[in-house]
Amino acid sequence: MEKKKVAFYTLGCKLNFSETSTIARNFQEEGFERVDFEEVADIYVINTCSVTENADKQFKQYVKKAMKLNDKAFVAAVGCYAQLKPEELAAVDGVDLVLGATEKFKITDYINDLSKNDMGEVHSCEIAEADFYVGSYSIGDRTRAFLKVQDGCDYKCTYCTIPLARGISRSDALENVLKNAKEISEQNIKEIVLTGVNIGDYGKGEFGNKKHEHTFLELVQALDQVEGIERLRISSIEPNLLKNETIEFVSKSRTFVPHFHIPLQSGSNDILKKMKRRYLREVYTERVDKIREVMPHACIGVDVIVGFPGETDEHFLETYHFLNDLDISYLHVFTYSERDNTEAALMEGVVPANVRAKRSKMLRGLSVKKRRAFYESQLGTSRTVLFESENKEGYIHGFTENYVKVKTPWNPELVNTLHDITLTKIDEDGSVRMAFSESKAEIQKSKAQQQIF
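Thresholds applied
Residues numbered from 1 in each chain as written. Predicted model: local features only at pLDDT ≥ 70, side-chain atom pairs only at ≥ 80, totals over all residues. Heavy atoms only, no water. Helix = DSSP H or I, 4+ residues; strand = E, 2+ residues; numbered from the N terminus. Buried < 20%, exposed > 50% of the residue type's maximum accessible area, 1.4 Å probe, protein only. Contact = heavy atoms within 4.5 Å. Pairing = 2+ DSSP bridges. Core = buried A, V, L, I, M, F, W, Y, C linked by side-chain atoms within 4.5 Å. Phe/Tyr/Trp six-rings, centres within 6.5 Å; stacked < 30°, edge-to-face > 60°. Lys NZ or Arg CZ within 6 Å of the ring centre and 35° of its normal. Axes fitted to C-alpha atoms, helices over the stretch in contact; angles between N-to-C directions. Parallel < 35°, antiparallel > 145°, perpendicular 65-115°, else oblique. Left-handed = near helix turned anticlockwise from the far one by under 90°. Nonpolar A, V, L, I, M, F, W, Y, C, P; charged D, E, K, R; others polar. Polar contact = N/O pair within 3.5 Å; in protein donor to acceptor, adjacent residues only side chain to side chain. 1 Å grid on protein atoms, 1.4 Å probe; cavity = no way out; pocket = protein on both sides within 12 Å on 5 of 7 lines; lining within 4 Å. Points joined across faces, edges and corners; volume = space filled by probe spheres on them. Salt bridge = Lys/Arg side-chain N within 4 Å of Asp/Glu carboxyl O.

Asker: I would appreciate a short explanation of the overall build of the protein in the present structure.
Answerer: On a plain count of helices and strands, the protein comes out with 14 helices and 19 strands. Burial analysis of the protein (453 residues in total) assigns 53% to the buried set. Sequence-distant contacts in the protein: of pairs separated by 6 or more residues, those separated by 24 or more amount to 72%.

Asker: Would you mind going over the pairing of strand S10 (residues 191–195) with me for this structure?
Answerer: Here is the key point about a regular strand: its side chains alternate between the two faces of the sheet. Buried residues dominate S10, accounting for five of its five residues. Judged by which residues are buried, S10 turns out to be covered on both faces: Glu191, Val193 and Thr195 on one side and Ile192 and Leu194 on the other are all buried. Direction of pairing for strand S7 (residues 144–148) relative to S10: parallel, over a ladder of five bridges. Its bridge partner being in S10, phenylalanine 146 is matched across the sheet by valine 193.

Asker: Sorry, what's going on with the pairing of S7 here?
Answerer: Extensive coverage of S7 is indicated by the burial of five of its five residues. Burial along S7 is two-sided: the face carrying Arg144, Phe146 and Lys148 and the face carrying Ala145 and Leu147 are both buried.

Asker: Please explain the nonpolar core as it appears in this structure.
Answerer: Leu147, Leu194, Leu219, Leu223, Leu323 and Leu363 are the most contacted members of the largest nonpolar core, which has 50 residues in total. Per element, the largest residue contribution to this core is five residues, and it comes from helix H8 (residues 216–223). Contact partners of leucine 323, with chain neighbours within four places excluded, come to Leu264, Val302, Val304, Ile328, Leu331, Leu363, Leu366 and Lys370. In terms of nonpolar packing, the next biggest core, distinct from the first, is built from 23 residues, Val35, Val63, Ala73 and Val75 among them.

Asker: What should I look at first to understand the packing of aromatic side chains in this one?
Answerer: Ring pairs (aromatic) are described by centroid distance and by the angle formed between their planes. In the structure shown here, the tally under the stated rule is 15 aromatic pairs. Ring centres of phenylalanine 8 and phenylalanine 27 lie 5.6 Å apart, and the angle between their planes is 70 degrees; on these two criteria the pair is classed as edge-to-face. Linking phenylalanine 8 in strand S1 (residues 5–10) with phenylalanine 27 in helix H1 (residues 14–29), this pair joins segments that are 19 residues apart in sequence. The burial state of phenylalanine 8 is the same as that of phenylalanine 27; both residues are buried. One aromatic cluster is present, formed by Tyr9, Phe37, Tyr44 and Tyr62 through successive ring pairs. Positioned above the aromatic ring of tyrosine 137 is the side chain of arginine 25, whose terminal nitrogen or guanidinium carbon lies 4.3 Å from the ring centre.

Asker: What is the right way to read the sheet that holds strand S18 (residues 418–426) from this model?
Answerer: Within a sheet, neighbouring strands are paired by backbone hydrogen bonds and run either parallel or antiparallel to one another. Within the closed barrel, the five strands sit side by side as S15-S16-S17-S19-S18. Their pairing is mixed. Within the sheet, the average angular offset between the axes of one strand and its neighbour, ignoring direction, is 55 degrees. Here strand S15 (residues 382–387) pairs with S18 via five bridges, running antiparallel. What sits directly across from valine 385, in S18, is histidine 419.

Asker: Which parts of the structure should I look at to understand the sheet that holds strand S11 (residues 231–234)?
Answerer: Read across the sheet, three strands follow the order S7-S10-S11 without closing on themselves; strand pairing throughout is parallel. Only two strands of the sheet have a single partner each, and these edge strands are S7 and S11. Strand-to-strand twist of the sheet, defined as the mean angle between neighbouring strand axes without regard to direction, takes the value 25 degrees. H1 contacts S7 and S10 of the sheet and is inclined by roughly 95 degrees relative to S7. Against the sheet, helix H7 (residues 174–185) engages S7 and S10, with an angle of about 165 degrees to S7.

Asker: Where do I start with the packing of H8 against helix H9 (residues 244–252) in this structure?
Answerer: How two helices sit against one another is set out by the angle between their axes and by the gap between those axes. Two numbers describe how H8 lies on H9: the axes approach to 9 Å, and their chain directions differ by 15 degrees. Overall, the two elements H8 and H9 adopt an arrangement that is roughly parallel. For the pair H8 and H9, the crossing hand works out as left-handed. Contact residues: H8 offers Phe216, Leu217, Val220 and Gln221, while H9 offers Glu245, Thr246 and Phe249. Residue composition of the contact of H8 with H9, grouped by class: four nonpolar, two polar and one charged.

Asker: Explain the side chain of arginine 144 here, please?
Answerer: As for its position among the elements, arginine 144 is in strand S7. The class for arginine 144 is buried, based on a relative accessible area of 12%. Separated by 3.1 Å, the side chains of arginine 144 and glutamate 191 make a polar contact. In this structure the side chain of arginine 144 is engaged in a polar contact, spanning 2.9 Å, whose partner is the side chain of glutamate 388. Those residues in contact with arginine 144 that sit more than four places away from it in its chain are Ser138, Ile189, Glu191, Val193, Glu388 and Phe399.

Asker: What is the right way to read empty space enclosed by the protein from this model?
Answerer: In this approach a probe as big as a water molecule rolls over the atoms, and the regions it shows empty are the leftover space. If you walk through the whole model with that rule in mind, you get one cavity of 30 Å³ or more. Broken down by class, the residue content of the lining of the largest cavity amounts to four nonpolar, one polar and five charged.

Asker: I would appreciate a short explanation of unusual backbone geometry in the present structure.
Answerer: Generally, phi is negative for residues other than glycine and the peptide bonds are trans, each holding for most cases. Here glutamine 265, not a glycine, exhibits a phi torsion of approximately 75 degrees, which is positive. Here glutamine 265 lies in strand S12 (residues 259–265). Of note in this structure, glutamate 393 is not a glycine but carries a positive phi near 50 degrees. Relative to the helices and strands, glutamate 393 is located in the loop between S15 and strand S16 (395–400). Under the relative-accessibility criterion, glutamate 393 is labelled exposed at 81%.

Asker: Explanation requested: the pattern of salt bridges in the structure shown.
Answerer: Enumeration according to the criterion identifies 31 salt bridges in this entry. Note that glutamate 88 and lysine 85 form a salt bridge whose closest N and O atoms lie 3.9 Å from each other. The class for glutamate 88 is partly exposed, based on a relative accessible area of 39%. Ionic pairing is found between glutamate 388 and arginine 144, a salt bridge with its closest N-O pair at 2.9 Å. Residue glutamate 388 is located in the loop between S15 and S16, and its partner arginine 144 is located in strand S7; the two are separated by 244 residues in the primary sequence.

Structure representation (structure tokens):
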């Protein structure tokens, strides 16, 4: 009997990628064959995101794409948007099944037959019931793996729907994280990125309660001991939860790389208070200064939101100048969009769409300037690069430990390998050209020859 084919598409964050990968492995264990989303499949699974309005629109596009490839295919929606607005997704033409936060990991239980439904069938729990932890990691999708260590969030930021979509903060047991990390390392994957909704909160809910058995620092220290892992990278971590001890440990670590991504959201304390963020800009400055003190070459990325209700020109310029003066490496700029059931959606002082767009453009321009300055500061330095698997117009790309994007002519033998290099010049496309460092033997031979002459 021919195997049924299943295809996946992931919208949103690294955490979604890790969960899609786990769901895909569940399908494969049940005897399904995984194929690319561009191919004809019997089932299409779309893992949704609700962070921006754009992600909602993208979902409909991918349903259409699936229906075009096979109009008889069974289409399932899972993920954050599926938890927040299940009925809305179920009504999209072509959708057969919608699964919420806890149900998505049991998707194969819900697929009895693959006949199309007139209206999508919904299985979505009350979000308060999303209080247990399901571990996951991505593998085989790319040269680095995303390892989920935490889920959910107890913060009440006024613009955010994630707590409504993912439930309370809860963590994987430390021994399970270490087991997953070991499994990943045995697959010849060189880099693991730690991911979660609020990973600095790691430890909370490790045993289904709020008791802290372990901290994020202890997690990092334990992972640093796992044999076979070449690189570990911390994904986004809140400034108030990134402690000096963690920064110091990373600076001396065997495997953790000097790269931090720290959400700021606004450089104005007035706006930070309206957002109900748990720090003020002074704390952010302290974190950046501490990183620069112990790791001058570290890459520091920043999330920032423009156009939040009540953000005046003065507030925005405060953010712009704050970021301009801060020794950071790049920005991820988000244009504020109203989300149902959030406090911010009801706030006064709505910023017009054209003003939001203008502010976004200004900060994106600043990001280009910051990245260029960071790359220039790295020219002439020796780094280690991990090459990726894609041939892009005759070049292979990779990232250094401190997240400088490099390129060199395509060579399939370089895929998923680590090499010592020297950064030489910035290319027209913004990536950095490199030279392979001489091997020790060559250096010694060269030195011996110099002594002879």
